[in-house]
Amino acid sequence: MLDAPDGDGYRLRMRPAPTCPEIAVVDLQVCDRCGLCLPLCPPEAIHLELTDLVVDRTTCTGCRKCIAPCPVGALTMVAA
Amino acid sequence: MHRPLPRRRAHDGRRVTHDTDVLVIGAGPAGALAAWEAKRAAPELDVVLLERDARVGTPVRCAEGVGDAGLREFADPDGAPWAARKITRVVFVAPDDTEVKVAERDVGWILDRTQFDAFLAERAVALGAELLVSTEAAGMTCEPDGRWRVRLRGAGGGGETTCRARVVIGTDGVEAMVGRWAGLETRVPARDMESCAQYVVEGIDFDPDAIYLQFGAGIAPGGYAWLFPKSPGVANVGLGLVALKADARNARQYLDEWIARRYPRGAKRTCTVGGVIAHTTIRQTYTDGVLVAGDAAHMINPLSGGGIVNAMKAGRLAGRVATGAIRDGDTSAHRLSAYHAEWMAQLGDDHLKYYRLKRALEDLDDQFFNSLARTANRIPAEKRTLGRIFAHALVRHPQLIPVAARFFM
């Protein structure tokens, strides 16, 4: 996960507690930014910024609908 | 009545507000045609065309095939630098590799989308549309006067700017954020999303005047694999599949296996991936001051996955309806609903039929397609048109009758 390496605690301040045991995360090294997963997400938790695909961890419900359709396997589930 | 907007740009600290009549978000074929038609129909209106990438046309997320008749409605492909290859034959390949060559004339073209999209955008610019590249829309809100305030971000990180528009046309492709922001339903059921991967493959042997399409549950479950020639020995080789029907592998892994089996000596170049929405047009493609067109509105032939000509037709229609509404000073949902009605009459209702056909064909297995291929090959090659294949198939394969019935229902 993308926590600050020096552990300055910003994860606690910036990220409210998620509501499900597992959420989707994207490996930006593998992601091709094709946008396929966006309309598949029931709670619309995924969006693209100029260079990054972003999964909103407070909106993701852990439904896994985005995982298998990714053509390059860039999305995986992790413990919330 | 429409009053021209002041041409000045208001500076408010580091934020810049830019007013326009029509803001088109996404400079693919739908967006370029929307901007072009808006300027053609109403030269006095301001039209801005946004593109997130640094160059219109890249990266290419497309197999680049287009039908001849549909393309000619918008541009002449003969001798054009953006037309990579003329296609005169279609070869269907059954799951067991039986090939069926279909005799049709002037089937279509393989485009060079990097050049084709740039060509379409340049035509809009030549009429006076303003093209902004390396600029993405980050969100939008409706103002009390009915205009949309759209937040824009540049790739350089130079802070956000704002653009106010009387009508926003969302042509932002499969991700369809404009529709989402405007409150339209743009989500797709998983069974109607095709996951696609494609390489440009060099050094392989095929008929350079033909496209090849192969079906099969083990090859591309719920979709098909394709070879679209770009020049002799070089082709777009890809596939689309429905992940719900696939095993644990992703689209790229299926494609790697298919290429290893069919074209083992091919050199794989750039890989691109993407989603094709094999669904029907979204229920509502308009709201107050907003129209959506092309992939963003699911305007794709659900049977073939083709969307370029559909996008151009819808974009042109959106540009025309938007400018008419602005001229009359009424950009309400009620007024813009004419766009949806016209699109459904032109192609949207046909897509509903194709979708029913797609769902019916899903019930047929590999054995059926293998035997259908042998039936088709009994028709003499020069008479083997799609119509004749279909007629023969209906006689010899009675399981097709309910499929056909669902198409005409």
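Each value, and the rule that gives it
Throughout this description, residue numbers start from 1 for each chain and increase along the sequence as written. Going through the entries in the order they are written, you letter the chains from A and number the ligands from 1. Local features in a predicted model are, by the rule used here, given only for residues with pLDDT of at least 70; side-chain atom pairs are given and counted only at 80 or more, and totals for whole chains, interfaces and linings are based on all residues. Every helix listed is a DSSP run of H or I at least four residues long, and every strand listed is a run of E at least two residues long, numbered separately from the N terminus. Put plainly, a residue is buried at 20 or more neighbouring C-beta atoms within 10 Å of its own, exposed at 12 or fewer, and partly exposed in between, counting only other residues' C-beta atoms, which are placed from the backbone. We call two residues in contact whenever the C-beta atoms placed from their backbones are within 7 Å. Domain delimitation follows an automatic or database domain assignment. Axes here mean lines fitted to C-alpha atoms, for a helix over just the part in contact, with angles spanning 0 to 180 degrees between N-to-C directions. Crossing handedness: left-handed means the near helix sits turned counterclockwise from the far one by under a right angle, and right-handed means the same turn made clockwise. Gly is put with the polar residues, along with every residue not named as nonpolar or charged; the nonpolar set is Ala, Val, Leu, Ile, Met, Phe, Trp, Tyr, Cys and Pro, and the charged set is Asp, Glu, Lys and Arg. Pairing between two strands requires that DSSP report at least two bridges joining them. To estimate the expected span of a helix, subtract one from its residue number and multiply by 1.5 Å. Note that the arc is defined by the directions from the helix axis to the C-beta atoms. Only buried residues count toward a nonpolar core: Ala, Val, Leu, Ile, Met, Phe, Trp, Tyr and Cys, linked into one set through C-beta atoms within 7 Å.

J.: What's the story with the overall build of chain A in this structure? I'm lost.
T.: Each helix and strand counted, chain A has one helix and four strands in total. Going from N to C terminus, chain A has its helices and strands arranged as α-β-β-β-β. Across the 80 residues that make up chain A, the buried fraction comes to 29%. Of the contacts formed within chain A by residues at least 6 apart in sequence, a portion of 66% connects residues at least 24 apart.

J.: How should the overall build of chain B be read in this particular structure?
T.: Within chain B, the secondary structure is distributed over ten helices and 17 strands. In terms of overall dimensions, chain B has a C-alpha envelope of 70 × 45 × 45 Å along the principal axes. The burial tally for chain B puts 46% of its 409 residues in the buried class. For chain B, the proportion of contacts with a sequence separation of at least 24, taken over those separated by at least 6, is 70%.

J.: Can you walk me through the domain arrangement of chain B in this structure?
T.: A common way to report how large an interface is uses the accessible area buried once the components associate. Taken domain by domain, chain B holds domain 1 (10-58 + 115-187 + 281-352), domain 2 (85-107 + 189-277) and domain 3 (360-408). Each of domain 1 of chain B and domain 3 of chain B has a C-alpha centre, and these two points are 41 Å apart.

J.: Is there a simple way to think about the packing of helix α1 (residues 29-41) of chain B against helix α6 (residues 308-327) of chain B in this case?
T.: Think of two packed helices as two axes; the pair is described by the angle between the axes and how far apart they sit. Residues and elements named next belong to chain B. One can describe the packing of α1 onto α6 by two numbers: an axis separation of 7 Å at closest approach and a directional angle of 35 degrees. Crossing geometry of α1 relative to α6 is assigned as right-handed. Facing Pro29, Ala30, Gly31, Leu33, Ala34, Ala35, Trp36, Glu37, Ala38 and Ala41 of α1, the residues of α6 in contact are Ile308, Ala311, Met312, Ala314, Gly315, Arg316, Ala318, Gly319, Arg320, Ala322 and Thr323. Within the contact of α1 with α6, the residues separate by chemical class into 14 nonpolar, four polar and three charged.

J.: What exactly am I supposed to notice about the interface of chain B and chain A here?
T.: Listed per partner, the contact involves 28 residues of chain B and 19 residues of chain A. Listing elements by their share of the side of chain B that touches chain A, those giving two or more residues are α4 (177-181), β11 (193-202), α5 (251-262) and β15 (267-277) of chain B. Across the side of chain B that touches chain A, the residue classes tally to 14 nonpolar, six polar and eight charged.

J.: I'm lost on unusual backbone geometry in this one. Help?
T.: Note: most residues except glycine have negative phi, and most peptide bonds are trans. All names here are of chain B. The residue after Thr58, namely Pro59, is reached through a cis peptide bond having omega -5 degrees. The residue Pro59 is located in the loop between β3 (47-50) and β4 (65-67) in this model. The phi dihedral of Ser134 falls on the positive side, at around 50 degrees, and the residue is not glycine. Non-glycine residue His298 carries a positive phi angle of around 60 degrees. Given 27 C-beta atoms within 10 Å, His298 falls into the buried group.

J.: Would you mind showing me how to read the pairing of strand β12 (residues 210-214) of chain B here?
T.: Each regular strand shows side chains that alternate between the opposite faces of the sheet. Residues and elements named next belong to chain B. Where strand β5 (residues 83-93) lies against β12, five bridges are found, and the strand directions are parallel. Residue Arg89 lies in a different strand from β12, and its bridge partner there is Ala210. Sheet analysis places β12 next to strand β13 (residues 224-231), joined by three bridges and oriented antiparallel. What sits directly across from Leu213, in β13, is Trp226.

J.: When you look at α5(B) in this model, what are you seeing that I'm missing?
T.: In an α-helix, one full turn covers 3.6 residues, which means residues spaced three or four apart are oriented alike. Residues and elements named next belong to chain B. Here α5 contains twelve residues, and its C-alpha end-to-end distance of 16 Å stays within 8% of the 16 Å for a straight helix at 1.5 Å per residue. Listing the buried residues of α5 in full gives Ala251, Arg252, Tyr254, Leu255, Trp258 and Ile259. Looking straight down α5, one finds that the buried residues subtend no more than 155 degrees of arc, so they occupy a single side. Of the exposed residues in α5, the ones pointing more than 90 degrees away from its buried face are Ala260 and Arg261. Summarising the contacts, the buried residues of α5 are in contact with β11, β13, β14 (234-242) and β15.

J.: Would you mind going over the sheet that holds β13(B) with me for this structure?
T.: Across a sheet, strands are paired by hydrogen bonds formed along the backbone, either parallel or antiparallel in direction. Residue and element names in this part refer to chain B. Taken in spatial order, the eight strands of this open sheet run β4-β6-β5-β12-β13-β14-β11-β15, and their pairing is mixed. Since the sheet does not close on itself, it has two edges, and those belong to β4 and β15, each with one partner. Between one strand and the next, the sheet's axes are offset by a mean angle of 30 degrees, whatever the strand orientation.

J.: Just checking my understanding: could you explain the pairing of β14(B) for this structure?
T.: Residue and element names in this part refer to chain B. Across the nine residues of β14, nine count as buried, placing the element largely inside the fold. Burial along β14 is two-sided: the face carrying Val234, Asn236, Gly238, Gly240 and Val242 and the face carrying Ala235, Val237, Leu239 and Leu241 are both buried. Two strands pair when backbone bridges link them, and β11 and β14 are joined in this way by nine bridges, in the antiparallel orientation. Along β14, the bridge assignment pairs Glu202 with Val234. Where β13 and β14 come together, seven bridges link them in antiparallel fashion. Considered in β14, the bridge of Phe228 is made with Asn236. The turn linking β13 back onto β14 is made up of two residues, and Gly233 within it adopts a positive phi angle of 90 degrees.

J.: I keep staring at the nonpolar core and nothing clicks. Help me out?
T.: One recurring pattern in soluble globular proteins: nonpolar side chains tend to sit buried together. Residue and element names in this part refer to chain B. Core analysis: the largest hydrophobic core is formed by 136 residues, its most contacted members being Val24, Leu49, Val168, Val178, Leu239, Leu291 and Ala293. Broken down by element, this core gets its largest block of residues, eleven residues, from α6. Excluding its chain neighbours within four sequence positions, the residues that come into contact with Leu49 are Val24, Ala27, Gly31, Ala35, Ala121, Ala124, Ala129, Glu130 and Leu131.

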